[in-house]
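Below, each chain spelled out in residue letters.
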Amino acid sequence: MRDTATFDLSRSLLAWYDRHARDLPWRVSPADRAAGVQPDPYRVWLSEVMLQQTTVAAVRDYFQRFTARWPDVRALAAAPDDQVMAEWAGLGYYARARNLLKCARAVVDQHDGRFPDSHDALLKLPGIGPYTAAAIAAIAFDRPETVLDGNVERVMARLHDIHDPLPKSKPLLKAKAAALTPDERPGDYAQAVMDLGATICTPKSPACGICPLRDPCQARAAGTQTDLPRKTPKAPKPTRLGHVYIAQRADGAILLERRPEMGLLGGMLGFPGSEWAEDAAEAPPFPADWTLLPAEVRHTFTHFHLILRVWTAAVPADVDPLGLVVMPKHAFRPGDLPTVMRKAHDLWRGSSASGKMDRAGLS
DNA sequence: TAAACGTGGGT
DNA sequence: TACCCAAGTTT
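Cut-offs applied
- Residues numbered from 1 in each chain as written.
- Chains lettered and ligands numbered in written order.
- Predicted model: local features only at pLDDT ≥ 70, side-chain atom pairs only at ≥ 80, totals over all residues.
- Heavy atoms only, no water.
- Near = heavy atom within 4 Å.
- Polar contact = N/O pair within 3.5 Å; in protein donor to acceptor, adjacent residues only side chain to side chain.
- Helix = DSSP H or I, 4+ residues; strand = E, 2+ residues; numbered from the N terminus.
- Nonpolar A, V, L, I, M, F, W, Y, C, P; charged D, E, K, R; others polar.
- Buried < 20%, exposed > 50% of the residue type's maximum accessible area, 1.4 Å probe, protein only.
- UniProt positions renumbered as here; feature names shortened; annotations may be inferred.
- Domains from an automatic or database assignment.
- Contact = heavy atoms within 4.5 Å.
- Buried area = accessible area lost by both parts, 1.4 Å probe.
- Salt bridge = Lys/Arg side-chain N within 4 Å of Asp/Glu carboxyl O.
- Core = buried A, V, L, I, M, F, W, Y, C linked by side-chain atoms within 4.5 Å.

## Here we look at the protein's contact with DNA strand C
Next, step 1: Residues in close proximity to DNA strand C total 26 residues, the closest being Gly127, Gly129, Asp149, Asn151 and Arg154.
Next, step 2: Backbone atoms, meaning sugar and phosphate, form 67% of the atoms of DNA strand C found within 4 Å of the protein.
Next, step 3: In the model, a phosphate oxygen of DNA strand C is placed 2.7 Å from a nitrogen or oxygen of the Gly129 main chain.
Next, step 4: In the environment of DNA strand C, a phosphate oxygen lies 3.2 Å from a nitrogen or oxygen atom belonging to the backbone of Tyr131.
Next, step 5: When residues of the surface near DNA strand C are traced back to their parent elements, those giving at least two are α9 (130–141), α10 (150–159) and α12 (186–199).
Next, step 6: When its residues are assigned to classes, the surface near DNA strand C shows 10 nonpolar, eight polar and eight charged.

## Examining α10
Residues spaced three or four apart along an α-helix point in a common direction, a consequence of the helix completing one turn every 3.6 residues.
Next, step 1: Counting buried residues in α10 gives nine out of 10 residues, a clear majority hidden from the surface.
Next, step 2: Within α10 the residues assigned to the buried category are Asn151, Val152, Glu153, Arg154, Val155, Met156, Ala157, Arg158 and Leu159.

## What to know about the UniProt feature "domain: HhH-GPD" (unreviewed entry) in chain A
Next, step 1: In the UniProt entry, the feature "domain: HhH-GPD" (unreviewed entry) is given for residues 50–199.
Next, step 2: Counted over residues 50–199, helix gives 65% and strand 0%. Its end C-alpha atoms are 19 Å apart.

## Section: the domain arrangement of chain A
Next, step 1: According to the domain assignment, chain A consists of domain 1 (4–227) and domain 2 (239–360).
Next, step 2: Computed from C-alpha coordinates alone, the two centres of domain 1 and domain 2 are separated by 35 Å.
Next, step 3: Taken residue by residue, the interface counts 11 residues in domain 1 and 13 residues in domain 2.
Next, step 4: Interface area, domain 1 with domain 2, both sides summed: about 990 Å², of which 48% is carbon and sulfur.
Next, step 5: Across the domain 1-domain 2 interface, the total number found is one salt bridge.
Next, step 6: Here domain 1 and domain 2 share two residue pairs in polar contact (both at pLDDT 80 or more) between them.
Next, step 7: Within the residue set of the side of domain 1 that touches domain 2, elements represented by two or more residues are α4 (56–69) and α6 (81–88).

## Concerning the nonpolar core
Next, step 1: Among the nonpolar cores identified, the biggest contains 96 residues, and Trp45, Met50, Trp88, Met156, Phe271 and Trp276 are the most heavily contacted of them.
Next, step 2: When residues in this core are grouped by element, the largest group, nine residues, is from α9.
Next, step 3: Each of two domains, domain 1 (4–227) and domain 2 (239–360), supplies a minimum of three residues to this core.
Next, step 4: Those residues in contact with Trp88, other than ones at most four positions away along the chain, are Val49, Met50, Tyr62, Phe66, Tyr93, Tyr94, Arg96, Ala97 and Leu100.
Next, step 5: In this structure, Ala247, Trp311, Val315 and Leu324 belong to the second largest nonpolar core, which totals 10 residues.

## A look at the protein's contact with DNA strand B
Next, step 1: In the vicinity of DNA strand B, 18 residues are found, and the nearest of them are Tyr94, Leu265, His299, Thr302 and Thr339.
Next, step 2: Counted by atom, the contact set of DNA strand B within 4 Å of the protein is 63% sugar and phosphate.
Next, step 3: Contacts to DNA strand B include Leu265, whose backbone N or O atom sits 2.5 Å from a phosphate oxygen.
Next, step 4: Going through the elements one at a time, β4 (291–300) and α14 (339–349) are the ones with two or more residues in the surface near DNA strand B.

Given below as structure tokens:
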């Protein structure tokens, strides 16, 4: 049962959101929503998947390119896999792109091209977990679902001065968040809590002085806000070594490899090479006059550091090794590669920003 | 349950 | 530099 204080708190947050909601490409403003504008579930879904563990700044351009190229779920469902993977290149967590296509096709094939409007039905779709199901149900369909992302966890931990570490405290934080979720304007409310966490109740130096929840905030009263939420420490990252092999044919074509669906960079194009291990052996994909570049690529993934040694070779125009993709010179765009592979390419070509240059159409 | 899964920006 | 963090999901 929502008491008066709870009601006031939700209302304060909504009032703050009405004044300070950020203007985001996928968002229907509170004013437009009040005027009856309904969000497009396709755009809500696409933005939420892109925003999983990814910043708004990184997502903006990708969202614009995706929606320009594939304006609705049917268009996306009909897109070739390699084009979608190439468009996702650089955004990371590539399982999201693979699941994005599976989900689009499931919506077309099983739901007549319309996203389901319930949390439970959304949860059954590929790439949609508890958070995203709640976010789509709330934001796109104005259902009173409770979103629990990193922002909401932080806001709730501080509001209630909860010191139990994540992820163990997640159920408690979810219960606290659910107790505040209003029946009115749940879509705006969900975005309001997340906006508060993203812009006011930030991890390092929260702007408590201008926070709409500063009075009821228990962590602020206790002075513990910057210590919360507590998290269980992470394991240190090991360093691994790898070799990649960049071959260019006399006709200009580059020899690439489509990585297997499962695992790191799954489904993405890359240069062929060795395993990435503590002491990986050289593994040229075919015999050639391989030359080792004098510098190395350093890259950090979620759970390990990588040092990549880059070998190059010029080969005859008729070389076409089994299992490799012959990418014609004019069709090859470094920006279609995952970032670690783009770094290897840039090291070879002596460039430093080919991905962004290509994507922005500046090169 | 815990590990795998990317990348870029902030501090 | 090194670590933290970001609108998490899958296995």
